[in-house]
Amino acid sequence: MWLLVGTRNTLLISITGTVVGFAIGLLVAVLRTIPKNPGDPLVKRGAMRFVNILLSVYIEVFRGTPMMVQGILVYYGLMEAFQIDLAPITAGILVVSINTGAYMAEIARGGIESIDRGQYEAAQSIGMNHTQTMLSVILPQAIRNILPATGNEFVINIKDTSVLSAIMVSELFFMTNSIKGAIYRTFEPFFITCVIYLILTFTVTRILRLIERRLDGPDSYEMRPITKEEKAEGGVEI
Amino acid sequence: MSTPVVQVCGLKKTFGRNEVLKNIDFSVNRGEVVCVIGASGSGKSTLLRCINLLEYPTGGQILFHGENVLEKGMNPAKYRARLGMVFQQFNLFSNMTVLENCVVGQVKVLGKERAEAEKTAVSFLQRVGMDQYVDAKPRQISGGQKQRVAIARALSMEPEAMLFDEPTSALDPEMVGEVLKVMRDLAESGLTMIIVTHEMAFAREVADRVVFMDDGVIAEEGPPEVIFGNPKLERTKMFLTRILSEK
C-alpha cells in the first residue's frame, strides 16, 4: 500500500514536473532566440537585453545547484521567510518543474538553433512574420528533435524525485525508507522499489518512442490518382 | 510607360568590409523575364536576396510599384508575400506534406479559408505536375520534385513577381530538365520573373533581357541575342567562353 502511494506520488511529481518544465524551457528558449534587428528602437533592445540576462541567471542558478538544496531552500525558506506553508508535494512539483525548465531551456534552444536557416527564409519569403514562422515551421520541427532529450529528462526526474524525501515528500524512496523502519529489513523493500523504478522508466521511454513515431507520420504516402475531369480542367502536362 | 514592378536604385550591400553590391541600378517590368548571370561571388544571389529583404541593403532604394520598401513603417512581411521566392536548396517545410506546404502561407498570411486555399494549392501543384504527391512529405520525393513543389508553393501566394535563386544548381543533371520545363511554361504565361541562373541555354531561350553581373556591379545588360551573340565587353565574352566551354 505504502509503495503504491509512493509510486503514485513519484509519477505525479515527475510527470507534472517534466510537462511544466518542458513548457517553461520552450518559452525561455523562444524568448532567447528572438532575432535582434539593428533597426529596433533602443527601448526594445534594452528590454530584450534585460530579459535575456534574467533568463541566463535563471538557467545558471537552477542548473548549477543541487535539486535537494533547492527543495530545502524553497520549502523551508518560504516557510521561514514568508510564512508560506506549502504542502511538501506542492513544493516538490514546483522545484522539479523549475529545475527541469532550466535544463529544457538549453535543450530547446539547441533544438531551435539546429533548424536549417533555409526554413526561416522560406517562411519569410511567403510573408510570415517571426511569430508565424516559429509556430508553423520552426517549433514543430524543433519539438520533434528535442523529444529524445526530453525523454532523458523525464527518466532523470523519475529517479531524482527521491531527493525530495529531504523535504518529507512521500514519494517512492521516502515510503520505502518508512517501510524499512517499520519492518527492520532493508534488502527486500529496496529491491522491490528498484524494480518499480525500472518499470516506470522503461514504460516512459517506450511511450515517448511511440509519440516520436506518431509525429514522424507514415513512412510511405499514397499517390492520389488524378481524375479525367481534373485533367481536363487544366494542369499542364509535364 | 508604366512603373516597373521592382526597381532598384543605387543599391549597396556590404558584409563587414566586403563590398558585395556596389551601386546597382536595376528594374523589372510587368511580364518581363530577366535572367541574371555572372560568376560565383559576383553578387547575383545577394541582389535577389536584397530585393525581397532576406538581406537588408546597406544603402540605396528598392521601389515596389514606385513605393520605397526600405522606408520606416513599411512591413517587410507584407511586401515579401507579394513576391515569390524559389531557393537553390528548395527549403520546403519538412514538417508538412506537399499540400500543406502550399496551403500554410495562404491561410496564415493571406487569411484565406482552408478549402479555398487547398483548391488553389492543388491547381498550382497540377501546373507543376505534382498534384499526385499532395500527401507526400518532402523527404520522400526527389530533388526535382521538391523544386517543383517549391515553385507551386510560391505561386500559391499568387505573387506579382517570382524570384528564382539558382533553382537548378542543387539538382542532379537528369532532374534539371523537369524544373526548367516548368519555368519555361511560367515564362510563356506572362509571369514577371527574375532568374539567377547558370543555365545559359535556358537564359538565352526564355529571357527578355539578360543581366551580366561582375564583381558587384551590373557590367552589361541587354536582349539575350546581344549578350550571348555579340557582347560589348571583354569580360562578358570571357565569362561566356569559360562557362560554355565547361559544358
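Quick notes on the rules
Residues numbered from 1 in each chain as written. Chains lettered and ligands numbered in written order. Predicted model: local features only at pLDDT ≥ 70, side-chain atom pairs only at ≥ 80, totals over all residues. Heavy atoms only, no water. UniProt positions renumbered as here; feature names shortened; annotations may be inferred. Contact = heavy atoms within 4.5 Å. Buried area = accessible area lost by both parts, 1.4 Å probe. Salt bridge = Lys/Arg side-chain N within 4 Å of Asp/Glu carboxyl O. Polar contact = N/O pair within 3.5 Å; in protein donor to acceptor, adjacent residues only side chain to side chain. Helix = DSSP H or I, 4+ residues; strand = E, 2+ residues; numbered from the N terminus. Nonpolar A, V, L, I, M, F, W, Y, C, P; charged D, E, K, R; others polar. Pairing = 2+ DSSP bridges. Axes fitted to C-alpha atoms, helices over the stretch in contact; angles between N-to-C directions.

Chain B is annotated in an unreviewed UniProt entry as Putative lysine transport system ATP-binding protein of Papillibacter cinnamivorans DSM 12816. Here chain B is described in UniProt, under the heading Subcellular location (unreviewed entry), as follows: "Cell membrane". Comment text from UniProt for chain B, heading Sequence similarities (unreviewed entry), reads "Belongs to the ABC transporter superfamily."

Trainee: So what about the interface of chain B and chain A? Which residues, and what values?
Mentor: With 39 residues of chain B at the contact, the number on the chain A side is 33 residues. Regarding the contact of chain B and chain A, the summed buried area is about 3000 Å², with carbon and sulfur atoms giving 54% of it. Of all residues in chain B, B:F93, B:Q126 and B:Q132 bury the most surface against chain A, accounting for 19% of the area lost on that side. Seen at the junction of chain B and chain A, the total is 1 salt bridge. The closest approach of N and O atoms between A:E121 and B:R49, which form a salt bridge, is 2.7 Å. At the junction of chain B and chain A, the tally comes to 9 residue pairs in polar contact (both at pLDDT 80 or more). The set of elements that each furnish at least two residues to the side of chain B that touches chain A consists of α2 (76-81), β6 (83-86), α3 (98-108), α4 (114-127), α5 (143-156) and α6 (173-188) of chain B. Classifying every residue of the side of chain B that touches chain A gives 18 nonpolar, 9 polar and 12 charged.

Trainee: I'd love a proper account of the sheet that holds strand β9 (residues 209-214) of chain B, names of residues and values included.
Mentor: Residue and element names in this part refer to chain B. Overall, mixed pairing links the 6 strands, which are arranged β6-β7-β8-β3-β9-β10 in an open sheet. This sheet does not close on itself; its edge strands, each paired only once, are β6 and β10 (217-222). Neighbouring strand axes in the sheet, compared pairwise and without regard to direction, differ in orientation by 20° on average. Note that strand β7 (residues 161-165) and strand β8 (residues 193-196) share 4 bridges and pair parallel. Looking at β8, one finds that D165 is bridged to V196. Against the sheet, α5 makes contact with β6 and β7, and its axis sits at roughly 170° relative to β6, the strand it touches most. Each of β3 (33-38), β7 and β8 is contacted by α6, which is oriented at about 150° to β8, the strand it contacts most.

Trainee: Explain the sheet that holds strand β4 (residues 59-64) of chain B to me, using residue names and the numbers behind them.
Mentor: Working definition: the strands of a sheet are paired by backbone hydrogen bonds and lie parallel or antiparallel to each other. Residues and elements named next belong to chain B. With antiparallel pairing, 4 strands are arranged side by side in an open sheet as β2-β1-β4-β5. Of all the strands in the sheet, the pair left with one neighbour each is β2 (18-28) and β5 (67-68). Pairing analysis gives 2 bridges linking β4 to β5, with the strands arranged antiparallel. Of the residues in β5, the one forming a bridge with L63 is N68. Contacts from helix α1 (residues 44-51) reach β1 (6-15), β2 and β4 within the one sheet, and its direction differs from that of β1 by about 115°.

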